[in-house]
Amino acid sequence: MKKILSILLVAALAMSTLAGCSGKKEEAPAPAPEQSEAPAEAPAEAEAPAETEAPAVGATITVAAIETAYGSKMWEDVCAAFTEETGINVELITDKNLEDVIGPSMQAGDYPDVIHLATGREKALTETFIKDQNIVDITDVLSMTVPGESAKVGDKIAGGFTETSLTNPYGDGKTYLAPMFYSPCGLFYNAGLMEEKGWTVPTTWDEMWELGDKAKAEGISLFTYPTTGYFDAFFYALMYSVGGAEFFDKATNYEEGIWDSEEAKTCFDIVAKLASYTEPTTPAQANDQDFTKNQQLVLDNKALFMPNGTWIVGEMAEAPRADGFKWGMTALPAVEAGGDGYSYTWFEQAWIPGGAEHQDEAKQFIAFLYSDKACELFAGAVNADGEPAPAIQPVLGIADTLEGDNQMFYAIYDNGAKAAMGNFAAYDSGVVGVSNREVWFDPVNSLVSGNMTEEQWIDGIKAVNDQMRENLIQ
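Conventions used here
- Residues numbered from 1 in each chain as written.
- Predicted model: local features only at pLDDT ≥ 70, side-chain atom pairs only at ≥ 80, totals over all residues.
- Heavy atoms only, no water.
- Helix = DSSP H or I, 4+ residues; strand = E, 2+ residues; numbered from the N terminus.
- Buried < 20%, exposed > 50% of the residue type's maximum accessible area, 1.4 Å probe, protein only.
- Contact = heavy atoms within 4.5 Å.
- Areas by Shrake-Rupley, 256 points an atom, 1.4 Å probe, with all protein chains shown as cover.
- Pairing = 2+ DSSP bridges.
- Right-handed = clockwise from strand over helix to strand, strands pointing away.
- Axes fitted to C-alpha atoms, helices over the stretch in contact; angles between N-to-C directions.
- Left-handed = near helix turned anticlockwise from the far one by under 90°.
- Phe/Tyr/Trp six-rings, centres within 6.5 Å; stacked < 30°, edge-to-face > 60°.
- Lys NZ or Arg CZ within 6 Å of the ring centre and 35° of its normal.
- Salt bridge = Lys/Arg side-chain N within 4 Å of Asp/Glu carboxyl O.

Novice: Teacher, can you tell me more about the overall build of the protein chain here?
Specialist: Counting secondary structure elements, the protein chain contains 19 helices and 9 strands. Buried positions account for 57% of the 474 residues belonging to the protein chain. At a minimum sequence separation of 6, the contacts of the protein chain that also span at least 24 residues come to 75%. Entry remark: accessible area of the protein chain is about 19300 Å², with carbon and sulfur atoms responsible for 46%.

Below you can see the structure in the form of structure tokens.
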């Protein structure tokens, strides 16, 4: 479907005037009326950096952001700071099920100006925009000066984040999605249990299977996962570990015959064997409603490892846990001794839909997301229970400011792990008829339950690989 998305702006027109950031859409007032002059706090036009547009007088943009474990208050605070800096008002929409909230009215043709919604979600809304080529080129934002600062956006963002298919999905050298809230991903575990048992964290898959047998003898499963969606970061890191960047690039671009290679067979064999070590209740709970029950398995010492990201600490902050529980995190094991272990760097994305009305102001908002002020507000986020849930922007030097568990998590690349980035290339799913998640990751549930064999899983991948390659979006 082309350009199906819009925001519930019609409902907003019936509400009161917006002077800055609002709460959720259903509580949001209408845009502020046009003003004859800019607010006093807005920077004078003559002083505006050459790389940015002067704020539109009285302009109001709409920002739609997914509410995750980080909570929504940080977005309210950042929007307010943006308005104070630029004079541009923000009408904010946040919801845990953002797709459901904004979806029903999007067919009217009204679009938000900025959407913060990552790829890899079950409803694949962002992927739909990518495949429909309905996302604005924001390469020029990288050369813009951050509002209120002298630094350029591109000079603040850490290396590599605007050079991956997650931000440059068409391979045309242009950036369409802004990297947000990065998190090293890996296998999370109870370090306290490992210490109590005298078990060593595996550095190879052979060591992992040996530990799985020890744990099984004590009634503990080796593995669980929140949902099959978490296998994206897992599988990407695995591909890097098995065959390096060359194999990863060939596989994620659906090269002919790639899934018959020895590297591919190694990846498939590892996942299939891991399925046999997975806690049996996992598939039944691997959905967007019950996924925390699978995460709880690790906190209760019923499973040793699970793939996840650093947000897990805030997400499970109030959950009960075994005595002596301590968070631990490790990269995926190497295939053989002396090999490289990889940790996938997962990050969210913000983007401007093609139908956005205020694209210049939207670009200023995205530039502001990398300001010191915004980074500070994001890093100071608290969840709905008042617990710290820092959202870390991918800017240079930010890891030096972290403490506690996050300092340990973000130091994973300082402790020998290598970083993996990127994902499957975008293709026309309307022609192929299936998503990457449906083909590669969702079958893991059936592998665990025994309803699918490894060979059936591989055959399903091979059946659509050529179609995906033939329908790549260029």
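Novice: Explanation requested: the pairing of strand E1 (residues 60-66) in the structure shown.
Specialist: The side chains of a regular strand alternate between the sheet's two faces. Counting buried residues along E1, 7 of its 7 residues qualify, which places the element largely inside the surrounding structure. The two faces of E1 match: Thr60, Thr62, Ala64 and Ile66 on one face and Ile61, Val63 and Ala65 on the other face are all buried. Bridge count between E1 and strand E2 (residues 89-95): 7 bridges; the pairing is parallel. Each bridged residue has a counterpart across the sheet, and for Ala64 the counterpart in E2 is Ile93. Between the parallel elements E1 and E2, the chain passes through helix H2 (residues 73-86) in a crossover that is right-handed. Here E1 pairs with strand E3 (residues 114-116) via 3 bridges, running parallel. Among the inter-strand pairings, Val63 is bridged to a residue of E3, identified as Val114.

Novice: Would you mind going over the side chain of Gln349 with me for this structure?
Specialist: Within the secondary structure layout, Gln349 lies in strand E8 (residues 342-351). Owing to a relative accessible area of 0%, Gln349 belongs among the buried residues under this scheme. When neighbours within four sequence positions are excluded, Gln349 is seen to be in contact with Ile115, His116, Leu117, Ala118, Thr119, Leu166, Leu177, Ala178 and Met180.

Novice: Would you mind going over the packing of H2 against helix H13 (residues 359-368) with me for this structure?
Specialist: Relative to each other, H2 and H13 sit at 115°, their axes nearing to 11 Å. Taken as a pair, H2 and H13 cross one another with a handedness that is right-handed. Residues Trp75, Val78, Cys79, Ala81, Phe82, Glu85 and Thr86 of H2 form the contact with H13, whose own contacting residues are Glu361, Gln364, Phe365 and Phe368.

Novice: Even after reading the chapter, I still don't get the packing of aromatic side chains, so can you show me in this structure?
Specialist: Any pair of aromatic rings gets described here by the distance separating the centres and the angle formed by the planes. Taken as a whole, this structure holds 42 aromatic pairs when the rule is applied. Measuring from ring centre to ring centre gives 5.1 Å for Phe161 and Phe347, while their planes differ by 65°; the resulting arrangement is edge-to-face. With Phe161 in the loop between helix H5 (153-156) and strand E4 (178-190) and Phe347 in strand E8, the pair connects residues that are 186 residues apart, well separated along the chain. Note on Phe347: relative accessible area 1%, which makes it buried. With a centroid separation of 6.1 Å and 65° between ring planes, the pair formed by Phe235 and Phe441 is classed as edge-to-face. Placement of Phe235 in helix H8 (residues 231-252) and of Phe441 in helix H17 (residues 436-441) is noted, with a sequence separation of 206 residues between them. Given the relative accessible area of 4%, Phe441 is considered buried. Lys131 extends its terminal NZ or CZ atom over the ring of Tyr427, reaching a point 5.1 Å from the ring centre.

Novice: It is not clear to me how unusual backbone geometry should be interpreted in this structure. Could you clarify?
Specialist: Both trends apply: most residues other than glycine have a negative phi, and most peptide bonds are in trans. The phi dihedral of Ala124 falls on the positive side, at around 50°, and the residue is not glycine. Residue Tyr254 is not a glycine yet carries a positive backbone phi of 60°. One can find Tyr254 in the loop between H8 and helix H9 (262-276). On the basis of relative accessible area, Tyr254 is assigned to the buried category, the value being 0%.

Novice: Mind showing me how you'd approach the pattern of salt bridges here?
Specialist: Side chains that carry opposite charge are capable of pairing whenever their charged atoms lie near each other. All told, the structure shown has 15 salt bridges when counted by the stated rule. The partner of Asp100 in a salt bridge is Lys123, with the nearest N and O atoms 2.4 Å apart. You can see Asp100 sitting in helix H3 (residues 98-102) and its partner Lys123 sitting in the loop between E3 and helix H4 (125-131), a full 23 residues away along the chain. Of the charged contacts in the structure, one is a salt bridge between Asp290 and Lys293, with a shortest N-O distance of 3.8 Å. Residue Asp290 is classed as partly exposed on the basis of its relative accessible area of 24%. Overlapping salt bridges, with partners in common, bring together Glu149, Lys156 and Asp372 in one network.

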